[in-house]
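# Structural overview for review
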Amino acid sequence: MECKPLNTNKIYLITGAAGFIGYFLSRRLLEQGCRVIGIDNINDYYDINLKYTRLELLKPFEKFTFIKDDISDKAMIMNTFEEYKPNIVVNLAAQAGVRYSIEKPDVYIQSNIIGFFNILEACRFCPVDHLVYASSSSVYGANKKIPFLETDFVDNPVSLYAATKKSNELMAYTYSHLYKIPATGLRFFTVYGPMGRPDMAYFGFTQKYFAGEPIRIFNNGDFENDLYRDFTYVDDIVEGIGRLLCNSPVGGNIAPHQVFNIGNNSPEKLMAFIETLEKCLSKVIGREVVFDKTFEPIKSGDVPATFASTDLLQQAVGFKPRTRIEDGLQRFADWYCEYYKVK
Ligand SMILES: NC(=O)c1ccc[n+]([C@@H]2O[C@H](COP(=O)([O-])OP(=O)(O)OC[C@H]3O[C@@H](n4cnc5c(N)ncnc54)[C@H](O)[C@@H]3O)[C@@H](O)[C@H]2O)c1
């Protein structure tokens, strides 16, 4: 299926624009000449310098407007919709992370439930052509049947984070049904890449290595029954979102509310992923990188495997993620060593 160009007459509102995926999506839209309104509260869940670095890279685009605010502020969201009248909304702002939802549950309710509710309410009163929002592979919980299909049973989330994402799908379904809001939920599968999130394992392992510290791997040290993850390169996520935005559901073949997996459709053993990361870093710094590894029990809330079926996405937009981890991790390693000036 051909990817139509993005409609540059539309106004795109992206929440979480200073975040990892939000930055790359904003940049892609701006490069194509779209008008982008970005919202982000720049919270300090991870190093805010990284968020400001991303924003600096978006600033030169004339058609970029940034609003530093919180989506859980309903009046602010309603005013922003009234002022800018966005046609397309992509909600990526959320408190991410499975493990942190055990430590700080409140912030998940505030951003992921109240914040998302505000976005839905704004779409109800200021109609949009399309609302796209981030869900997560974590909604599949501890499901054993692989690959994960969008039609699988997902009523047993094993973390509060997953429960908020599943709730978002239910809330979006209801609003879409009641107020005819064309809405699409995207279940992202472990997204990685340059300028990624420092709370994610590949980033943390790299930081630890350069700090001369051991890395902790939560897989019981059981290589036979290692964790499997469907690692998805950020450009593939952006390509998938871009294609969904080009193929607007209005009058199209996509129902008013639909959910898609966006994953690599090719899970890797965690240990193989780590080995590839070591090789990629070795290539950049010109000496062999071997992480000092300690093995620990699987953390509560973590799931044994993630594996996306991408057939539905492929049918809808003619695309499925395809970046090999060797290539994606090399781009991460190149960026990391350059950004942090490590040798
Ligand atoms: N990266 C992944 O592997 C992955 C996997 C599954 C789902 N997701 C989802 O994709 C979305 C984007 O993830 P990401 O990896 O870019 O995360 P990120 O943390 O880098 O980006 C989220 C951004 O949203 C902002 N934000 C958080 N709460 C906010 C609020 N209440 N108001 C305004 N801004 C707020 C943060 O400051 C951050 O910059 C999130 O919804 C996340 O749950 C990500």
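Here the structure is a predicted model, which means the values were calculated and not measured.

Parameters and conventions
Residues numbered from 1 in each chain as written. Predicted model: local features only at pLDDT ≥ 70, side-chain atom pairs only at ≥ 80, totals over all residues. Helix = DSSP H or I, 4+ residues; strand = E, 2+ residues; numbered from the N terminus. Contact = placed C-beta atoms within 7 Å. Core = buried A, V, L, I, M, F, W, Y, C linked by C-beta atoms within 7 Å. Buried ≥ 20, exposed ≤ 12 C-beta atoms within 10 Å, placed from the backbone. Pairing = 2+ DSSP bridges. Axes fitted to C-alpha atoms, helices over the stretch in contact; angles between N-to-C directions. Near = placed C-beta within 6 Å. Nonpolar A, V, L, I, M, F, W, Y, C, P; charged D, E, K, R; others polar.

### Quick word on the overall build of the chain
Secondary structure summary: the chain contains 11 helices and 13 strands in total. For the chain, the spread of C-alpha atoms along the three principal axes comes to 55 × 45 × 40 Å. By sequence separation, contacts in the chain at least 24 residues apart represent 82% of the contacts at least 6 residues apart.

### Quick notes on the nonpolar core
Grouped together as the largest cluster of nonpolar side chains are 86 residues, with contacts concentrated most on Val-90, Cys-123, Val-234 and Ile-241. A total of 7 residues in this core trace back to one element, the largest contributor, which is helix H1 (residues 20-31). Among residues more than four places away in sequence, those in contact with Val-90 are Tyr-12, Ile-14, Leu-25, Val-132 and Ile-241.

### Quick look at the sheet that holds strand S11 (residues 257-262)
Whether parallel or antiparallel, the strands of a sheet pair through hydrogen bonds between backbone atoms. Spatial ordering of the open sheet is given by S3-S2-S1-S4-S5-S6-S11, a layout of 7 strands whose pairing is parallel. The open sheet has two edge strands with one neighbour each: strand S3 (64-68) and S11. Averaged over all neighbouring strand pairs, the angle between strand axes comes to 15 degrees, with direction disregarded. Sheet analysis places strand S4 (residues 88-91) next to strand S5 (residues 130-136), joined by 4 bridges and oriented parallel. Of the residues in S5, the one forming a bridge with Ile-88 is His-130. Across the sheet, helix H5 (residues 105-125) is in contact with strand S1 (11-15), S4 and S5; its angle to S4 comes to roughly 170 degrees.

### Observations concerning the site of the ligand
Surveying the vicinity of the ligand reveals 29 residues, the closest of which are Gly-16, Gly-19, Ala-94, Ser-111 and Ala-134. Secondary-structure elements contributing two or more residues to the shell around the ligand are H1, strand S2 (35-40), H5 and S5. By residue number, the principal contributor to the shell around the ligand is H1, which donates 3 residues. Of the residues contributing to the shell around the ligand, the split by class is 13 nonpolar, 12 polar and 4 charged.

### Quick word on the pairing of S1
Across the 5 residues of S1, 4 count as buried, placing the element largely inside the fold. The sheet contact formed by S1 and S2 spans 5 bridges and is parallel. Bridge assignment links Tyr-12 to a residue of S2, and that residue is Val-36. Two strands pair when backbone bridges link them, and S1 and S4 are joined in this way by 4 bridges, in the parallel orientation. Residue pairing across strands places Leu-13 opposite Val-89, the latter belonging to S4.

### Observations concerning the environment of Met-171
Structurally, Met-171 can be placed in helix H6 (residues 160-179). Each C-alpha atom, one on Met-171 and one on Leu-120, is 8.1 Å from the other, the two residues being 51 residues apart in sequence. Those residues in contact with Met-171 that lie beyond four places of it in its chain are Phe-116, Phe-117 and Leu-120.

### With respect to unusual backbone geometry
Note that the residue after Ile-146, namely Pro-147, is joined by a cis bond; omega there is -5 degrees. Residues other than glycine seldom take positive phi values, yet Thr-190 does so here, at roughly 20 degrees. Its location among the elements puts Thr-190 in the loop between strand S6 (183-188) and strand S7 (191-192). Of note, the phi angle at Asn-265 is positive, near 65 degrees, even though the residue is not glycine. Among the structural elements, Asn-265 can be located in the loop between S11 and strand S12 (268-269). On the basis of neighbour counts, which here come to 20 C-beta atoms within 10 Å, the residue Asn-265 falls in the buried class.

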